[in-house]
Each structure stands twice: as C-alpha cells, then as structure tokens.
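What the coordinates show
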Amino acid sequence: MKIKIAVPSKGRISEPSINILEKAGLGLIDKNNRKLISETFNENIEVMFARASDIPEFVNDGVADMGITGVDLIKENEADVVELLDLRFGQTKFVLAAPEESNINSIDDIKEDMKVATEFPVLTEKYLQEKGLNLKIIKLSGSTEAAPFIGIADLITDLTSTGTTLKMNHLEIIDTILDSTIKLIANHDSLNEKKELIESVSTSIKGVLDAERKKLIMMNVYENDLDKVKQVMPSMGGLTISEVLSDKKTVAVQAVIDEKQVFELVNDLRNAGARDILVVPIERII
C-alpha cells in the first residue's frame with residue numbers, strides 16, 4: 001500500500017515543503033531532476049509535484065493521499081480535507097485593499113456600485129456576503145494590484161505577507177479577511193484506509209516541528225555539585241543522569257532546552273560547577 005504526498009512544484013512554499021519532508025526522513029531520491037512523481041527513501045511513499053492551487057482539490061478527490069498547501073487555497077477550493085498539522089511557515093493575510101488616494105478608508109465607505117478584483121473569487125464573495133455587500137467581482141489571474149489604477153476595479157482582495165507590495169503599489173489595507181498558513185492535509189478515505197502510513201508521516205513531520213528551536217545540552221558534573229546544577233537546569237522532561245568512569249565521582253547530565261535559554265544557561269551551569277558543556281542541535285522529537 002502506497003501513498004502520494006502532493007507538494008507545490010514552484011513558488012515560495014515549494015522549497016520549505018520539500019525541506020520539511022527531507023528533515024522528516026522522506027528525502028527525494030532524484031530531487032535534482034524533478035519529475036511529476038518522485039520516489040522517496042521510503043518505498044511506500046511518493047511525492048507528487050503540482051500547482052499549490054490544485055493541491056486541495058487533488059487531496060479532496062483522492063488523486064493524492066496527502067498534501068502541503070495554504071489555508072487560503074483550501075478554503076478557496078472549498079476542499080473537504082483533514083487538516084493534520086500547521087507547518088508553521090508561509091504565514092500570509094488575505095486582505096481587502098483600496099488605493100491610498102481613494103475615499104475608501106473603511107468598510108463603511110464601500111458603495112454598492114463598486115467593483116473588486118481578485119484571484120480568490122470564492123473567498124471574496126463569502127466575505128462580501130458576511131459584510132452585507134453586493135459588489136461585482138472581477139476574477140484575475142495575476143497583477144491584481146494594478147486593477148484599481150487601470151479602471152478595472154475600485155478595490156482588490158489579495159494575499160500579503162508584509163504589506164510591502166501593497167504599499168509599493170500605493171494600496172492600503174482596509175480589512176483583513178483571513179489569516180493563512182501552510183497545512184499538512186489528508187484525504188478522508190485515505191486516512192481511514194492508510195491510517196498507519198499517513199500517521200507515520202504526520203508524526204515524523206510533527207517531530208521536526210517540535211525540534212525547532214530546541215537544543216540538547218550535555219555536561220559533566222562532579223557529584224557534590226549536582227544539586228546546584230539541578231537548581232539552574234530547565235528541561236522538557238526531566239534530566240538524564242548517568243555515571244561517568246572517573247577518578248573523582250562524576251555524572252553526565254543531559255536535557256532538552258529551548259534555544260533562547262542557551263546563552264544565559266551555559267554561564268549559570270559553569271558557575272554551578274558543570275564542565276565539558278556541549279550544545280547539540282536536534283533533528284526530531286518524537
């Protein structure tokens with residue numbers, strides 16, 4: 001029994017998607033000669049490359065068992081999929097924006113005869129309905145920012161990460177419609193029929209996410225200094241302590257800590273009597 005994982009073939013989330021699979025142990029066998037379908041180090045798992053906008057529908061229809069794509073695209077496609085994990089990258093906002101020099105400064109300034117241009121007509125229509133607005137929606141496939149300045153529309157809805165592109169095009173955000181991030185998703189039937197394999201993939205990726213900004217810290221401590229070290233030592237799940245063969249009674253101590261704690265903690269541990277301190281990256285926490 002095999003599964004296919006659909007990942008974006010290009011764009012800003014393509015490389016991060018491939019990277020997280022590789023960190024989870026699902027490296028592509030021939031990633032330098034990318035094909036539509038690529039084998040991984042696991043003979044039962046294949047990676048399928050597709051447009052990010054198509055992935056929700058592919059997973060919904062069972063063309064792919066799993067996929068990596070944005071919340072905005074899932075909702076735009078109205079895909080009925082299982083959201084397994086938030087992958088914690090690709091954060092964007094789907095916003096309503098108007099030209100800086102227009103008289104539109106809030107929702108209250110929008111008139112019924114106005115037009116809105118967008119690449120996301122479904123999300124836009126739902127938003128307008130929620131706000132009680134009946135505007136004409138102009139569907140575009142790109143260059144949405146130009147629409148108000150060439151007379152196509154009065155407003156736009158678009159994705160933005162920092163707002164910089166909107167500002168460069170003299171547009172200002174009127175309202176935030178949706179906060180979006182990248183998700184690991186699965187097909188409902190596949191999750192039932194291939195549960196063990198899909199959960200193995202999800203667990204491995206979650207392990208990568210949980211290991212982010214974590215470090216393994218290891219040190220040697222004389223037994224008579226151990227209590228002082230314990231007092232300053234934080235840990236995810238308690239300390240691991242083992243005997244060291246030495247002329248003076250010594251133990252080895254190790255623990256998982258947050259990356260942000262490393263700088264101050266190393267100095268505190270040295271002052272408490274710890275020696276031979278090592279700080280090591282962690283690939284996965286399962």
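Preceding this paragraph is the structure being described.
Model, not experiment: these values are computed from the prediction.

Moving on, we come to helix 9 (residues 262-272). If you check which residues of helix 9 are buried, you get V262, L265, L269 and A272. All buried residues of helix 9 fall inside an arc of 90° around its axis, so they share one side. Turned more than 90 degrees away from the buried face of helix 9, the exposed residues are F263, E264, R270 and N271. Elements that come into contact with the buried residues of helix 9 comprise strand 12 (214-222), helix 8 (226-232), strand 14 (250-258) and strand 15 (274-281).

Spatial ordering of the open sheet is given by 8-7-9-6-10, a layout of five strands whose pairing is mixed. On the outer flanks of this sheet lie strand 8 (136-139) and strand 10 (171-180), each paired with one strand and no other. Between one strand axis and the next, the sheet turns through 25° on average, direction left out of account. When strand 7 (residues 115-118) meets strand 8, the two strands line up parallel, connected through four bridges. Across the sheet, residue A117 finds its bridge partner in strand 8, namely I138. This element, helix 4 (residues 121-130), spans strand 6 (92-99), strand 7, strand 8, strand 9 (155-160) and strand 10 of the sheet and lies at about 165° to strand 8.

Looking now at the sheet that holds strand 13 (residues 240-244). Taken in spatial order, the four strands of this open sheet run 13-14-12-15, and their pairing is antiparallel. Here the strands that pair on one side only, and so sit at the sheet edges, are strand 13 and strand 15. Shown here is a sheet whose adjacent strand axes are inclined to one another by a mean of 20°, direction ignored. Where strand 12 lies against strand 14, nine bridges are found, and the strand directions are antiparallel.

On to the side chain of K194, then. You can see K194 is positioned in the loop between helix 6 (188-193) and helix 7 (195-211). The residues touching K194, leaving out its near neighbours within four places in the chain, are M1, K2, I3 and D65.

Both strand 12 and strand 15 contribute to a ladder of six bridges, which runs antiparallel. The residue bridging L216 from the neighbouring strand is V280, located in strand 15.

With that settled, the discussion passes to the side chain of E46. Within the fold, E46 resides in strand 3 (residues 45-50). Ignoring sequence-local partners within four residues, the contact set of E46 consists of K2, I3, K4, I5, I37, S38 and T40.

Okay, the environment of K115 next. Locating K115 in the fold gives a position in strand 7. Residue K115 is classed as partly exposed on the basis of its relative accessible area, which comes to 33%. The spacing of K115 and I138 is 23 residues in sequence and 7.0 Å in space, taken between C-alpha atoms. If sequence neighbours within four positions are ignored, K115 has contacts with K136, I138, I152, A153, D154 and L155.

Okay, the pattern of salt bridges next. Here the structure, examined in full by the defined rule, presents 16 salt bridges. Among the salt bridges present, the one from E46 reaches K2, with a minimum N-O distance of 4.0 Å. Note that E46 is positioned in strand 3 and K2 in the segment before strand 1 (3-8), a separation of 44 residues in sequence. Exposure remark for K2: the relative accessible area of 44% places this residue in the partly exposed category. A salt bridge links K183 to E83; the nearest nitrogen and oxygen atoms lie 3.8 Å apart. Of this pair, K183 sits in strand 11 (residues 182-186) while E83 sits in strand 5 (residues 82-86), and the two are 100 residues apart along the sequence.

What follows deals with the nonpolar core. Formed by 36 residues in total, the largest nonpolar core has its most connected members in I5, L21, M66, I68, L87, V201 and I205. Broken down by secondary-structure element, the contributors of at least two residues to this core are strand 1, helix 1 (14-23), strand 3, strand 4 (66-70), helix 3 (71-76), strand 5, strand 11 and helix 7. Not counting the four nearest positions on each side in its chain, M66 is found in contact with I3, K4, I5, A6, V59, L84, L184, I185, A186, I198 and V201. Counting residues in each nonpolar core, the second largest holds 15 residues, with L226, V251, L269 and A272 among its members.

Here is what the cut-offs are and how they apply
- One numbering rule holds for all chains: residues counted from 1, following each sequence as written.
- Owing to the predicted nature of the model, reporting of local features is limited to residues with pLDDT of at least 70; listing and counting of side-chain atom pairs is limited to 80 or more, with chain, interface and lining totals taken over all residues.
- As a rule here, side-chain values cover all heavy atoms of the structure and leave hydrogens and water aside.
- With a 1.4 Å probe rolled over the protein chains alone, any residue whose accessible area is under 20% of its type maximum counts as buried; one over 50% counts as exposed, and the rest are partly exposed.
- Where helices and strands are cited, they refer to DSSP runs of H or I of at least four residues and of E of at least two residues respectively, numbered from the N terminus.
- Of all possible arcs, the one meant is that of the directions from the helix axis to the C-beta atoms.
- Two residues qualify as a contact provided that any one of their heavy atoms is within 4.5 Å of a heavy atom in the partner residue.
- By definition, two strands form a pair when at least two bridges between them are found by DSSP.
- A fitted line through C-alpha atoms serves as each axis, taken over the contacting stretch for helices, and the angle formed by two N-to-C directions is quoted from 0 to 180°.
- For this analysis, a salt bridge means a side-chain nitrogen from Lys or Arg found within 4 Å of a carboxyl oxygen belonging to Asp or Glu.
- We define a nonpolar core as any set of buried Ala, Val, Leu, Ile, Met, Phe, Trp, Tyr and Cys residues linked to one another through side-chain atoms lying within 4.5 Å.

Note that all results are geometric; they support no functional claim without further evidence.
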